[in-house]
Amino acid sequence: KQEVTQIPAALSVPEGENLVLNCSFTDSAIYNLQWFRQDPGKGLTSLLLIQSSQREQTSGRLNASLDKSSGRSTLYIAASQPGDSATYLCAVSSNAGGTSYGKLTFGQGTILTVHP
Amino acid sequence: DTGVSQNPRHKITKRGQNVTFRCDPISEHNRLYWYRQTLGQGPEFLTYFQNEAQLEKSRLLSDRFSAERPKGSFSTLEIQRTEQGDSAMYLCASMGQGWQKLFFGSGTQLSVL
């Protein structure tokens, strides 16, 4: 059974800092890994999706890396802003078949607070 | 494209009552997923539809839960004889054919008193 763990559970940083969120998964037979953002009481917004054959993806100030063999991914946020404050969730798709790409196993999330 | 829409946003009910939630996916998305999220946890997969066919159900989906997607468009999730343990955020997500990216709705927050 796939298990996803995120460290740290919570992180508080001053504005402008670069930061790294960590995600690990127990079964390396994944199809893809995604990072999501969730604001309080809201749904999830997809930030980055990394295919199992890829090493990293970048979008603006966000960079996600994937080391499938070691079961690890990191989300790097550059020059953090108060608007980045949210919960960040890591999720893996463990089914290689076309019917279940959306069946994801999520970590518990990292609650990020960026203070001015 | 107005995104994934879920109604109601909030539902408060008494234990033992039945509740029904609705999800309208992004048009032309043929795949639809339901997830449940409790406080402080990541979402957990409940069930998956491709068009109108329900192809997979989690063991979390007890016999009190039923989901439908008539005509392969909107979907409903019904919980019968609600229990306090059913209190959670119920999230719906959709995906287009050939895509891997999931688009989530804002969820329905259920509180069972």
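Residues numbered from 1 in each chain as written. Chains lettered and ligands numbered in written order. Predicted model: local features only at pLDDT ≥ 70, side-chain atom pairs only at ≥ 80, totals over all residues. Heavy atoms only, no water.

**What to know about the overall build of chain A**
- The secondary structure content of chain A amounts to 0 helices and 11 strands.
- Each helix and strand of chain A, placed in order from N terminus to C terminus, yields the pattern β-β-β-β-β-β-β-β-β-β-β.
- For a compact globule of 116 residues, the expected C-alpha radius of gyration is about 13 Å, and chain A comes in at 14 Å, within 12% of that figure.
- With the C-alpha coordinates of chain A rotated into their principal frame, the extents come out at 45 × 30 × 20 Å.
- When burial is assessed residue by residue, chain A has 43% of its 116 residues classed as buried.
- Considering only contacts in chain A between residues 6 or more positions apart, those separated by 24 or more positions represent 56%.
- As displayed, chain A offers around 5,300 Å² of accessible surface, 49% of which is attributable to carbon and sulfur atoms.
- Side chains of chain A carry 8 positive and 8 negative charges; the gap between the two charge centres is 7 Å. (Helix = DSSP H or I, 4+ residues; strand = E, 2+ residues; numbered from the N terminus. Rg over C-alpha atoms; globule rule 2.2 N^0.38 Å. Buried < 20%, exposed > 50% of the residue type's maximum accessible area, 1.4 Å probe, protein only. Contact = heavy atoms within 4.5 Å. Areas by Shrake-Rupley, 256 points an atom, 1.4 Å probe, with all protein chains shown as cover. Lys, Arg positive; Asp, Glu negative; His and termini not counted. Charge placed at Lys NZ, Arg CZ, Asp CG, Glu CD.)

**Notes on the overall build of chain B**
- Secondary structure summary: chain B contains 0 helices and 11 strands in total.
- In sequence order, chain B lays out its α and β elements as β-β-β-β-β-β-β-β-β-β-β.
- A compact globule built from 113 residues should have a C-alpha radius of gyration of about 13 Å, and chain B, at 13 Å, falls within 12% of that.
- By the burial criterion, 48% of the 113 residues in chain B qualify as buried.
- At a minimum sequence separation of 6, the contacts of chain B that also span at least 24 residues come to 52%.

**A word on the interface of chain B and chain A**
- The partner chain A presents 23 residues to the 23 residues of chain B that form the contact.
- Summed over both partners, the interface of chain B with chain A buries about 1,800 Å², with 50% contributed by carbon and sulfur atoms.
- Scanning the region where chain B abuts chain A turns up 1 salt bridge.
- In this assembly, chain B and chain A are joined by 7 residue pairs in polar contact (both at pLDDT 80 or more).
- Every element with two or more residues in the side of chain B that touches chain A is listed here: strand S4 (31-37), strand S5 (44-50) and strand S9 (88-95) of chain B.
- A breakdown of the residues in the side of chain B that touches chain A according to their chemical character gives 11 nonpolar, 8 polar and 4 charged. (Buried area = accessible area lost by both parts, 1.4 Å probe. Salt bridge = Lys/Arg side-chain N within 4 Å of Asp/Glu carboxyl O. Polar contact = N/O pair within 3.5 Å; in protein donor to acceptor, adjacent residues only side chain to side chain. Nonpolar A, V, L, I, M, F, W, Y, C, P; charged D, E, K, R; others polar.)

**Remarks on the sheet that holds strand S8 (residues 75-79) of chain B**
Residues and elements named next belong to chain B.
- Spatial strand order, S1-S3-S8-S7: 4 strands in an open sheet with antiparallel pairing. Of all the strands in the sheet, just strand S1 (5-7) and strand S7 (65-68) have a single pairing partner and so form its edges. The average angle at which neighbouring strand axes cross in this sheet is 15°, direction not considered.
- The sheet contact formed by S1 and strand S3 (residues 19-24) spans 3 bridges and is antiparallel. (Pairing = 2+ DSSP bridges. Axes fitted to C-alpha atoms, helices over the stretch in contact; angles between N-to-C directions.)

**Quick word on the side chain of Asn 63 of chain A**
Residue and element names in this part refer to chain A.
- Structurally, the position occupied by Asn 63 is in strand S7 (residues 62-67).
- Within the structure, Asn 63 has its side chain in polar contact with the side chain of Thr 58 (distance 2.7 Å).
- Apart from the residues within four sequence positions on either side, Asn 63 is in contact with Leu 48, Glu 56, Gln 57, Thr 58, Thr 74, Leu 75 and Tyr 76.

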